[in-house]
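Letter by letter, the chains look like this.
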Amino acid sequence: MKAHDAMYTGGRWRPSVSTETIAVVNPADERIIAEVPAGNAEDVDAAVRAAREAFPAWAATPQARRAALLGAVRDALAARQDEIAETVTAELGAPPGFARAVHAALPVAVAGSYAELAAGYSFEERIGNSTVLLEPVGVVGAITPWNYPLHQVVAKAAPALAAGCTVVLKPAENTPLTAQLFAEAVDEAGVPAGVFNLVTGLGPVAGAALAAHPDVDLVSFTGSTAVGRRIGAIAGGAVKRVALELGGKSANVILPGADLARAVREGVANVMSNSGQTCSAWTRMLVHRDRYEEAVELAKEAVAAYPPGERIGPVVSARQWERVRGYIDKGVAEGARLVAGGPEAPRDRGYYVSPTVFADVTPEMTIAQEEIFGPVVALLPYEDTEDALRIANGTVYGLGGAVWAADDAQAVAFARRMDTGQVHINGGRFNPLAPFGGYKQSGVGRELGPHGLAEYLQTKSLQF
């Protein structure tokens with residue numbers, strides 16, 4: 001597996017100012033598979049300067065040309081799908097089938113969607129005696145997480161480039177190799193020098209320098225709510241725009257009359273996907289008390305279909321492994337009933353966590369309030385619909401969710417009252433053009449589709 005020992009800035013791979021490196025570890029076997037530069041503030045400054053110099057020409061580039069170049073990026077990613085999947089499997093631990101179907105294919109679809117949007121998007125409109133212009137914000141500092149390493153890069157870089165912004169990307173230190181593949185695709189596509197730049201490094205060093213840089217006009221961050229607060233405070237001091245996609249504790253609400261077997265099976269599958277490392281995962285399953293024990297048994301049966309090392313991969317790191325197992329211990333200590341799984345390591349090597357199901361979870365328990373980010377499902381009983389709504393809305397988060405009911409109208413009526421940014425109705429499929437983002441402490445702003453493009457635009461009105 002090839003890894004660049006350099007930063008991609010100003011259209012070239014350049015040595016880092018820093019002599020320090022980051023070891024990339026395969027979480028399935030704990031082997032070091034690569035090393036990349038641990039960039040510092042000087043590396044960030046060089047990348048931002050390249051982006052600032054490239055911005056005027058890129059902002060003035062006709063949108064048809066920007067769209068064509070994004071289409072070329074999409075094609076370059078499509079040609080690399082096998083390599084992308086292999087890389088994600090190696091640095092994240094995703095099972096090969098899931099890596100191909102989601103981690104490699106979804107970024108191609110999202111990049112293609114922005115190529116199409118860029119071609120037909122209206123960047124001005126007439127209102128009365130005013131012409132309203134939508135113009136690019138400027139230089140974007142993008143800080144991406146490790147759980148969907150390439151998807152999150154594309155979900156930020158593609159709309160920013162479509163809007164006419166230039167980008168400096170700081171990817172997660174656990175999964176920098178897929179970001180390097182994206183830089184290769186950008187270079188191959190012929191995107192002008194300085195329009196996209198990549199700096200690998202640690203969050204407290206390179207990420208903090210990027211967020212605080214005076215020539216960065218907007219910071220787009222995906223990650224924990226705690227880090228999002230710090231970035232928001234830094235940006236607020238400079239009156240700098242932010243887009244923050246943060247944590248979640250999403251509710252999977254199964255209303256009376258719903259297809260219980262399907263709702264439980266797909267709810268468990270949703271949490272097991274990506275080893276539970278999905279911010280919008282439906283980690284709280286709410287079931288009416290009349291069929292609660294039936295749902296518990298169904299969940300126990302469903303989770304047995306995810307043997308570690310086969311259908312479910314490891315979590316990303318030793319630190320994450322300890323964190324998830326700590327939450328499982330806390331669930332037991334606070335009185336939840338352990339139905340399946342537990343804190344014991346299911347394999348001798350690798351950061352694997354046993355798929356875990358808790359029953360008799362109450363809303364105030366830690367495992368019902370805090371984001372675990374692992375393959376852990378908590379089942380909570382409710383008394384009636386109002387009780388279900390109170391529990392569903394009873395966290396500081398509001399990112400995703402699901403509602404199952406006898407018919408779509410009943411599910412939609414409930415979903416309208418949920419304090420969350422995206423709700424799946426009776427198993428509705430993920431839509432890469434629909435806005436993704438949260439209420440409350442799940443973030444600020446939206447990603448994907450036209451709403452994602454709008455995050456990177458500012459408004460000017462001309463009166464005549």
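Residues numbered from 1 in each chain as written. Predicted model: local features only at pLDDT ≥ 70, side-chain atom pairs only at ≥ 80, totals over all residues. Heavy atoms only, no water.

Some details on the overall build of the protein
Along the backbone of the protein there are 15 helices and 20 strands. Computed over its C-alpha atoms, the radius of gyration of the protein comes to 22 Å, within 12% of the 23 Å expected for a compact globule of 464 residues. With respect to the three principal axes, the spread of C-alpha positions in the protein is 65 × 60 × 40 Å. Taking all 464 residues of the protein together, 58% fall into the buried category. The long-range fraction of contacts in the protein, counting pairs at least 24 apart against all pairs at least 6 apart in sequence, stands at 73%. (Helix = DSSP H or I, 4+ residues; strand = E, 2+ residues; numbered from the N terminus. Rg over C-alpha atoms; globule rule 2.2 N^0.38 Å. Buried < 20%, exposed > 50% of the residue type's maximum accessible area, 1.4 Å probe, protein only. Contact = heavy atoms within 4.5 Å.)

Structural notes on the packing of aromatic side chains
One pass over the structure, following the stated rule, counts four aromatic pairs. Pairing tyrosine 121 with phenylalanine 123 gives two aromatic rings, centres 4.9 Å apart and planes at 55°, and the pair type is tilted. Each member of the pair, tyrosine 121 as well as phenylalanine 123, carries the same accessibility label: buried. Measuring from ring centre to ring centre gives 5.1 Å for phenylalanine 182 and phenylalanine 196, while their planes differ by 80°; the resulting arrangement is edge-to-face. Pair noted here: phenylalanine 182 is in helix H6 (residues 177-189) and phenylalanine 196 is in strand E9 (residues 196-198), with a separation of 14 residues, a long-range link. Judged by its relative accessible area of 3%, phenylalanine 182 is buried. In this structure, arginine 311 is placed above the aromatic ring of tyrosine 306, and the distance from its NZ or CZ to the ring centre is 4.1 Å. If you follow arginine 347 out to its NZ or CZ, it ends over the ring of tyrosine 352, 4.9 Å from the centre. (Phe/Tyr/Trp six-rings, centres within 6.5 Å; stacked < 30°, edge-to-face > 60°. Lys NZ or Arg CZ within 6 Å of the ring centre and 35° of its normal.)

Details of the UniProt feature "domain: Aldehyde dehydrogenase" (unreviewed entry) in the protein
As annotated in UniProt, the feature "domain: Aldehyde dehydrogenase" (unreviewed entry) corresponds to residues 13-461 in the numbering used here. Within residues 13-461, the helical portion is 43% and the strand portion 19%, while the C-alpha atoms at the span's ends are 40 Å from each other. (UniProt positions renumbered as here; feature names shortened; annotations may be inferred.)

Observations regarding the sheet that holds strand E5 (residues 124-127)
Spatially, E5-E6-E20 is the arrangement adopted by the three strands of the open sheet, whose pairing is antiparallel. The sheet is open, and its two borders are formed by E5 and strand E20 (457-463), each paired with just one other strand. Geometrically, the sheet is characterised by an average inter-axis angle of 25° between neighbouring strands, direction not taken into account. Direction of pairing for strand E6 (residues 130-136) relative to E20: antiparallel, over a ladder of seven bridges. Within E20, the residue paired with threonine 131 across the bridge is leucine 462. (Pairing = 2+ DSSP bridges. Axes fitted to C-alpha atoms, helices over the stretch in contact; angles between N-to-C directions.)

Section: the UniProt feature "active site" (unreviewed entry) in the protein
As recorded in UniProt, the feature "active site" (unreviewed entry) lies at Glu245. Along the chain, glutamate 245 falls in strand E11 (residues 241-245). Accessibility expressed as a relative area gives 3% for glutamate 245, which makes it buried. Leaving out residues up to four positions away in the same chain, glutamate 245 has contacts with Gln152, Phe221, Thr222, Gly223, Cys279, Leu399, Phe436, Ser442 and Glu447.

Structural notes on the nonpolar core
By size, the foremost hydrophobic cluster in this structure holds 65 residues, and its most contacted members are Leu70, Leu77, Val154, Phe182 and Phe196. Those residues in contact with phenylalanine 196 that lie beyond four places of it in its chain are Tyr8, Ala157, Val167, Leu169, Phe182, Ala183 and Val186. Counting residues in hydrophobic clusters, the runner-up holds 32 residues, among them Ala336, Val353, Ile391 and Phe414. (Core = buried A, V, L, I, M, F, W, Y, C linked by side-chain atoms within 4.5 Å.)

Quick word on the environment of valine 191
Along the polypeptide, valine 191 turns up in the loop between H6 and E9. Sequence separation of valine 191 and valine 73 is 118 residues, and the distance between their C-alpha atoms is 8.3 Å. Among residues more than four places away in sequence, those in contact with valine 191 are Leu69, Val73 and Val186.

Things to note about the sheet that holds strand E15 (residues 356-359)
Spatial ordering of the open sheet is given by E14-E15-E16-E13-E12-E17-E18, a layout of seven strands whose pairing is mixed. Across the chains shown, the open sheet's two edge strands, defined by having one partner strand only, are strand E14 (337-340) and strand E18 (424-425). Sheet strands touched by helix H9 (residues 260-272): strand E12 (251-254), strand E13 (284-288), strand E16 (376-382) and strand E17 (401-404). Its angle to E12, the strand with the most contacts, is close to 175°.

Focus: the packing of helix H3 (residues 81-92) against helix H4 (residues 96-120)
Relative to each other, H3 and H4 sit at 120°, their axes nearing to 8 Å. The angle between the axes of H3 and H4 places the two elements in the oblique class. For H3 against H4, the interelement crossing comes out right-handed. Residues Gln81, Ile84, Ala85, Val88, Thr89 and Leu92 of H3 lie in contact with H4, whose contacting residues are Pro96, Ala99, Arg100, His103, Ala104, Ala105 and Val108. A breakdown of the residues in the contact of H3 with H4 according to their chemical character gives nine nonpolar, three polar and one charged. (Parallel < 35°, antiparallel > 145°, perpendicular 65-115°, else oblique. Left-handed = near helix turned anticlockwise from the far one by under 90°. Nonpolar A, V, L, I, M, F, W, Y, C, P; charged D, E, K, R; others polar.)

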